[in-house]
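A closer look at the structure
Next come the chains, spelled out residue by residue.
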Amino acid sequence: MPSEALANLHRIGQLKSEPRDDLEFERLLKMAKTRLLDAQIKSLSSEGRFNSAYSAAHAAALAALRWHGYRSENRFTVFQCLAHTINWPPHQWRVLDAAHQKRNLAEYEGYWDVEESAIDEICKLLPHLIAATEKLKPTT
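Positions within a chain are numbered from 1, following the residues in the order the chain's sequence is written. Only residues with pLDDT of 70 or above have their local features reported here, since the model is predicted, and side-chain atom pairs are shown and tallied only from 80 upward, although totals for entire chains, interfaces and linings are computed over all residues. Excluded from the side-chain calculations are hydrogens and water; all other atoms, namely the structure's heavy atoms, are used.

Some thoughts on the packing of aromatic side chains
The description of two aromatic rings rests on the distance between their centres and on the angle between their planes. A pair of aromatic rings is counted whenever rings of Phe, Tyr or Trp (Trp by its six-membered ring) have centres within 6.5 Å, and the orientation is called stacked for planes under 30 degrees apart, edge-to-face for over 60 and tilted otherwise. One pass over the structure, following the stated rule, counts four aromatic pairs. Measuring from ring centre to ring centre gives 4.9 Å for Phe25 and Trp67, while their planes differ by 50 degrees; the resulting arrangement is tilted. Here Phe25 is found in helix H2 (residues 22-39), whereas its partner Trp67 is found in helix H3 (residues 46-67), with 42 residues between them in sequence. Through a chain of ring-to-ring contacts, the aromatic side chains of Phe50, Tyr54 and Phe79 assemble into a single cluster. Under the scheme used here, helices are H or I runs from DSSP no shorter than 4 residues and strands are E runs no shorter than 2 residues, and both carry numbers assigned from the N terminus.

Things to note about the nonpolar core
In this description, a nonpolar core means a group of buried Ala, Val, Leu, Ile, Met, Phe, Trp, Tyr and Cys residues linked to one another through side-chain atoms lying within 4.5 Å. Buried residues are those whose accessible area, probed at 1.4 Å on protein chains only, stays under 20% of the maximum for their type, while exposed residues exceed 50% and partly exposed ones sit between those limits. Leu82, Ile86, Trp88, Leu96, Ile122, Leu126 and Leu129 are the most contacted members of the largest nonpolar core, which has 45 residues in total. At the level of secondary structure, the elements contributing two or more residues to this core comprise helix H1 (4-11), H2, H3, helix H4 (75-80), helix H6 (90-109) and helix H7 (116-134). Looking at this core element by element, the count peaks at 13 residues for H3. Note on contacts: a residue pair qualifies if any of its non-hydrogen atoms lie within 4.5 Å across the two residues. The contact partners of Trp88, leaving out residues within four places of it in the chain, are Leu82, Ala83, Trp93, Leu96, Leu125, His128 and Leu129.

Let's talk about the packing of H2 against H3
Between H2 and H3, whose axes approach to 8 Å, the crossing angle comes to 160 degrees. On the basis of their axis angle, the class for H2 and H3 is roughly antiparallel. As for the relative orientation of H2 and H3, their crossing is left-handed in sense. Between H2 and H3, the contacting residues are Asp22, Glu24, Phe25, Leu28, Leu29, Met31, Ala32, Arg35, Leu36, Asp38 and Ala39 on the first element and Arg49, Ser52, Ala53, Ser55, Ala56, Ala59, Ala60, Leu62, Ala63, Arg66 and Trp67 on the second. Its residues placed into classes, the contact of H2 with H3 shows 14 nonpolar, two polar and six charged. Each axis is a line fitted through C-alpha atoms, and for a helix only the stretch in contact is used; angles between axes span 0 to 180 degrees, taken between their N-to-C directions. Angles below 35 degrees are treated as roughly parallel, those above 145 as roughly antiparallel, those between 65 and 115 as roughly perpendicular, and all remaining angles as oblique. For any helix crossing, the convention is left-handed if the near helix is rotated counterclockwise from the far helix by under a right angle, and right-handed if that rotation is clockwise. Each residue is assigned to one class: nonpolar for Ala, Val, Leu, Ile, Met, Phe, Trp, Tyr, Cys and Pro, charged for Asp, Glu, Lys and Arg, and polar for all the others, Gly among them.

Some remarks on unusual backbone geometry
A positive phi is found at Asn87, a non-glycine position, where the angle reads about 60 degrees. Structurally, the position occupied by Asn87 is in the loop between helix H5 (82-85) and H6.

Examining the pattern of salt bridges
Here, a salt bridge means any side-chain nitrogen of Lys or Arg that lies within 4 Å of a carboxyl oxygen of Asp or Glu. The full count for this structure, using the stated rule, is 12 salt bridges. Glu4 is paired through a salt bridge with Arg11; the nearest N and O atoms lie 2.7 Å apart. A salt bridge links Glu134 to Lys33; the shortest N-O distance between them is 2.4 Å. Placement of the pair is Glu134 in helix H7 and Lys33 in helix H2, with a sequence separation of 101 residues. Exposure remark for Glu134: the relative accessible area of 32% places this residue in the partly exposed category. By relative accessible area, Lys33 is classed as partly exposed at 38%. Overlapping salt bridges bring together Glu18, Glu24, Arg66 and Arg71 as one network.

Here it is as structure tokens:
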């Protein structure tokens, strides 16, 4: 059952209701795992590692949101909703929000300001994000 907070975000137009698709959920989690592995390849550029880590985080967070029957056109909202989809505390999802801000600066303004420590921090959070998202799906 989706949380009241997710329902409220839907009512104000921040989320769109869309039936859950279990295959999409699995594909998004697979993508998150693959991109996490890519982010951990030290021989890649920092830009490549950051993009892979960020993409992994977005895929896992979107999988969690989709599991609850919602979609958002705003990447920030997908990360913010982790508080409601997998009960992530603010200090965790805000790391991903900061990554989102850095991604936007790089993508839209050509300003690259990402330190290795930021990439490492995302990579340390990702296994927990993926595991928490996987737990949404009941075992059979």
